[in-house]
Amino acid sequence: MSTAAREIPKAYDPKQVEDKWYARWLEAGVFTANPNSTKPAYSIVIPPPNVTGVLTMGHVLNNTLQDILARRKRMQGYEVLWLPGTDHAGIATQTVVEKTLRKQGVMRHRDELGREKFLEKVWEWKEKHGGIIIQQLKKLGCSCDWSRERFTMDEGYSRAVLTAFVALYRKGLIYRGKRMVNWDPVGRTALSDEEVIMTPTKGHLWHIRYPLADGSGHVVVATTRPETMLGDEAVAVHPDDERYRQWVGKKVRLPLRNKEIPIIADAAVDPKFGTGCVKVTPAHDPADYEMALRYNLPFTVVIGFDGAMTAEAGEDYAGLDRFECREAVVEDLQEQGLLEKVEDYEHNVGYSERTHVPIEPMLSEQWFLRYPQVERSLAAVETGEIRFYPERWVKTYAHWMRNLRDWCISRQLWWGHRIPVWYRGDEVYCGLEPPAGDGWVQDPDVLDTWFSSWLWPFATMDEATRNKFYPTTDLVTGPDIIFFWVARMIMAGYEFTGQKPFHNVYFTGIIRDAQGRKMSKSLGNSPDPLDLIAKYGADGLRFGLMLIAPQGQDILFDEKRCEVGRNFMNKLWNAARFIRLQHQQAGSRARTSLNAHDRRVLAEMNDAIEKVSAALDQYKFNEAARELYDFVWSDFCDWYIEASKVSPNLEVLDEVLRVILRLLHPFAPFITEELWDGEGSIQFAPWPEPRAVEAPERAATDALYELVSAGRQLRNDHVSDPKRKVQFVIKPDRHADFFRSEIPFLTALWNAEKVTVDDRYQPSGVTPSAVTSAGTVLLVGAVDPAAERNKLNAQLVEVRQQIEATEAKLANPNFLQKAAPIAVQRERDKLARLQEQQQRLAELLRALG
């Protein structure tokens, strides 16, 4: 249907458009990829959100970027597969279900139900709640191939995970051993190093006296964790520390436990920490563990897997929570005169990424993986075989790859892929199916969730799909999981398929609030995306976010940007509606020949096509969005639409609108589909290419538009009634004939009674003027000096008040210390703008006398 014939409502209502079109797209199967297609392939796999998850602003950013890539490639003639799915999220899901069942009174601990019954409850929860985020992604407009939606606990995917384990086990890359691991006492499971968040924490440094066993004195040991001293097996000093060299080889009596332990010398001790004399607790500290191996010290476990003190801690402390025990130990040391002093001390403490509690270094029997394909995976990124955007993340990736530690892949959970290993006495069997015979018992642990998701780019596809779409083209993800996921997927791709898993990786920034804080539920600074969609429309949210999403940089989110996105959609809607009305009303006023405005807008259209295309090719999404915004709002709506009100060219109006809709479609799929008047869905309309156009009179039209802006500013500054007709005179320095030909255009845009072009005009009285590059524009006979002075004085007072408030904010040490640098700079820029405004107002007042 042509734009001329379509009925476009007066106001744009996203609610009437978005659900309608998404249902039609699904019904028509336009997102479904065809592996038998002869088109070139483009593929991207969604970073699978947790099945427990709901849509966050991070999801909105990540999936909007992916949708832009996928939709543009469809328009460029590719067969597109955007493969969606969810992750079973072992720790997160099990924790949620356990809490739910406890609230319902079904159980106090999962052991009461037993493994099979508990897993039934988890599956029930997953079927009821697990699809929420998928429906929310559809609300955002994501063009995923939902027919291929995968879940990491699907039967086929699970078999791929177990097959990978068996293959690596048989190659000798997976082994079981007792090591120091990061233990989550709430989740009751081991964690990999990457799942531990080091967090600056204010605590204390306790200085404790350890009496020498011979009664000749004492040494002072400094520690941040006095509760672990109950498991001390030595005191250590640096071998070159002159202060303690005489004591090495002697023994001290361990306070509260009354047992003798040696003083040893080890180069791992930092003589600058505390007193330079440290306690050695082999079972509860990674560095102490290594020291114990060197000195053959015993391992005394005083903190259990539940975070409570064990019997080894002594009868006075057994059963206490570790932090309760800390208080009891400090109190007892004080009573016995063994606590020399306490200092405030800030240090990094490892917290569980999932349960947000301090982890406990713990000796535990776990399964580990020696990473495969390390050198090949490192070289692939460093040589550009796999491209990172922004490129700076290559160094971060390379540093991690060169300092790998074996990956602890076992978790003490029930929800997940159970390790395919069985035991019978001293016999061990690893395979996809249980071993024959009686007496075999399967390992109770499950695999780390990341052990399943590292296979995501290929394990999600059947053979036909892999043949067409693997390796995938792009991956869009956050830099916070470059180690968890990206690096591991690259290694898995080379190990199991012999190919890289993707060609390009685009790393998004982190969304922060206006103060520079990372958005989180605990801070209450993260808006609900569905509320934003309801308020601004999905297109408004998407486009507004893209405008502030520079490549790989953190994003300071402000809801006003969503308002900018919504206003842009309204502007586009009104432009399309104007064009429809022109088709109905223009009649004899419609032209087919090209004038200066036509040639100008067609040239700007070509520039926009080239710049938007180049920006998207380089993953510079915000530059593409900004270019679109400027072209549509300024070149098309503010200038060309206004010129068309004087003398419209319907062919040019239609052509430019169709190009705008196609360029904008990846960013704003709903409104562009609603306004599209071409054949079929806009999703498959060809991506625009620049075309040959007549050279525009760019210098003349630039001068004309500069004149218009100057005249508008004069009117705004000096005429209080916007409806009042006024007169303008132009004293041209150049382009006089062109300006005379554009008097109807100038009259309309200035809402003028009369516009005159006169290079000899001499003003009299108070005649405001503005000098431009092509001449001077004057506002004639419109100013009441007294009223103008009153208005300008009122504006000056308001501006000075804003300057004082901004200066006070910038003088506040708390703001300067706590706010993000970008937030501080924004206030400085604001102050500069206000000071410029104050200066302009003062100059206008001086001109009025």
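For clarity, every value in this text was computed on a predicted model and none was experimentally measured.

Cut-off values and rules
Residue numbers restart at each chain and count upward from 1, following the sequence in its written direction. The predicted origin of the model limits local features to residues at a pLDDT of at least 70 and limits the giving and counting of side-chain atom pairs to 80 or more, whereas totals for whole chains, interfaces and linings rest on all residues. Note that water and hydrogens are dropped before the side-chain values are worked out from all heavy atoms of the structure. Only protein atoms enter the calculation, which uses a 1 Å grid: trapped sets of points that fit a 1.4 Å probe without letting it out are cavities, open sets showing protein on both sides within 12 Å along at least five of seven lines are pockets, and any residue with an atom within 4 Å of a point is a lining residue. Grid points are joined across faces, edges and corners, and a volume is the space filled by probe spheres set on the points. Going along the chain from the N terminus, every DSSP run of H or I of four or more residues is numbered as a helix, and every run of E of two or more is numbered as a strand. Only Asp, Glu, Lys and Arg are considered charged in this grouping, and only Ala, Val, Leu, Ile, Met, Phe, Trp, Tyr, Cys and Pro are considered nonpolar; every other residue, Gly among them, is considered polar. Stacked, tilted and edge-to-face pairs are distinguished by plane angle, under 30 degrees for stacked and over 60 for edge-to-face with tilted covering the rest, among Phe, Tyr and Trp rings (Trp via its six-membered ring) whose centres lie within 6.5 Å. Throughout, exposure labels follow a simple rule: accessible area from a 1.4 Å probe, protein chains only, divided by the maximum for the residue type, with under 20% read as buried, over 50% as exposed, and the rest as partly exposed. Note on geometry: a ring has a charge over it if NZ (lysine) or CZ (arginine) is within 6 Å of the ring centre and within 35 degrees of the ring normal. The working definition used for a salt bridge is a side-chain nitrogen of Lys or Arg within 4 Å of a carboxyl oxygen of Asp or Glu. Patch membership requires over 30% relative accessible area and the absence of a salt bridge. Like charges are linked within 9 Å, and nonpolar side chains (Val, Leu, Ile, Met, Phe, Trp, Tyr) within 5 Å. Working definition of accessibility: Shrake-Rupley area with a 1.4 Å probe, residue cover restricted to the visible protein chains. The convention is simple: Lys and Arg are positive, Asp and Glu are negative, and His and the chain ends are not counted. Note on charges: their place is set at NZ of Lys, CZ of Arg, CG of Asp or CD of Glu. Strands are treated as partners if at least two bridges between them are detected by DSSP. Note on method: axes are straight lines fitted to C-alpha atoms, helices fitted across the in-contact stretch only, with angles between N-to-C directions ranging 0 to 180 degrees. In this analysis, two residues are considered to be in contact whenever any of their non-hydrogen atoms come within 4.5 Å of each other.

Trainee: How would you sum up empty space enclosed by the protein? Please name residues and give values.
Mentor: Per the counting criterion, the structure on display carries three cavities of 30 Å³ or more. Put simply, the largest cavity is a space of about 70 Å³. Along the walls of the largest cavity sit Ala89, Gly90, Ile91, Ala92, Glu195, Arg354, Arg411, Leu413, Leu447, Asp448, Thr449 and Trp450, which together make up its complete lining. At the level of secondary structure, the elements contributing two or more residues to the lining of the largest cavity comprise helix H3 (90-103) and helix H11 (449-453). Looking at the lining of the largest cavity, the element that brings in the most residues is H3, giving three residues. Class assignment of the residues belonging to the lining of the largest cavity gives a composition of six nonpolar, two polar and four charged. Of the pockets and cavities examined, the second largest cavity occupies roughly 50 Å³. Those elements that provide at least two residues to the lining of the second largest cavity are helix H18 (596-617) and helix H19 (621-644).

Trainee: Tell me about the packing of aromatic side chains, and name the residues and values.
Mentor: The geometry of an aromatic ring pair is captured by two quantities: the separation of the ring centres and the angle between the planes. A complete count under the given rule lists 46 aromatic pairs for this structure. Between Phe388 and Tyr397 the ring centres are 5.4 Å apart and the planes differ by 80 degrees, which places this aromatic pair in the edge-to-face class. Residues Phe388 and Tyr397 agree in their burial class; the two are buried. A centroid spacing of 5.1 Å and a plane angle of 85 degrees characterise the contact between Phe388 and Phe507, whose relative ring orientation is edge-to-face. Note that Phe388 is positioned in strand E15 (residues 387-389) and Phe507 in strand E23 (residues 502-507), a separation of 119 residues in sequence. Assigned by exposure class, Phe388 and Phe507 land together as buried. Pairwise contacts between aromatic rings join Phe165, Tyr169, Trp367, Tyr371, Trp400, Trp407, Phe451, Trp454, Phe458, Tyr470, Phe483 and Phe496 into one cluster. Cation over ring: Arg72 sits above Trp687, and NZ or CZ is 4.9 Å from the ring centre. The lysine or arginine in question, Lys571, covers the ring of Trp633, its NZ or CZ lying 4.5 Å from the ring centre.

Trainee: Describe in detail the pattern of salt bridges, supporting the description with residues and values.
Mentor: One pass over the structure, following the stated rule, counts 47 salt bridges. One salt bridge connects Glu127 with Lys126, and the closest N-O pair in it is separated by 3.7 Å. Classification of Glu127 by relative accessible area gives exposed; the value is 56%. Look at Lys126 and you get buried, because its relative accessible area is 17%. A salt bridge links Arg600 to Asp702, with the shortest nitrogen-to-oxygen separation between them at 2.6 Å. In this pair, Arg600 sits in helix H18 while Asp702 sits in helix H22 (residues 698-718), placing the two residues 102 residues apart along the sequence. Here Arg600 falls in the buried class, since its relative accessible area comes to 8%.

Trainee: How would you sum up a negative patch on the surface? Please name residues and give values.
Mentor: A cluster of acidic residues, Asp306, Asp321, Glu324, Glu327, Glu331 and Glu335, forms a negative patch at the surface. In this fold, Glu335 is placed in helix H8 (residues 322-335).

Trainee: Can you lay out the sheet that holds strand E27 (residues 752-757) for me, pointing to particular residues and giving the numbers?
Mentor: Across the sheet, which stays open at both edges, the four strands sit in the order E27-E26-E29-E28 with mixed pairing between neighbours. Strand pairing shows two members of the sheet lacking a second neighbour, E27 and strand E28 (769-772), which therefore form its edges. Across the sheet, the mean angle separating the axes of adjacent strands is 15 degrees when strand polarity is ignored. The pairing of strand E26 (residues 726-732) with E27 spans five bridges and is parallel. When the bridges of E27 are listed, Phe728 appears paired with Val755. Each of E26, E28 and strand E29 (775-780) is contacted by H22, which is oriented at about 30 degrees to E29, the strand it contacts most. Packed on one face of the sheet, helix H24 (residues 743-750) meets E26, E27 and E29 and runs near 140 degrees to E27.

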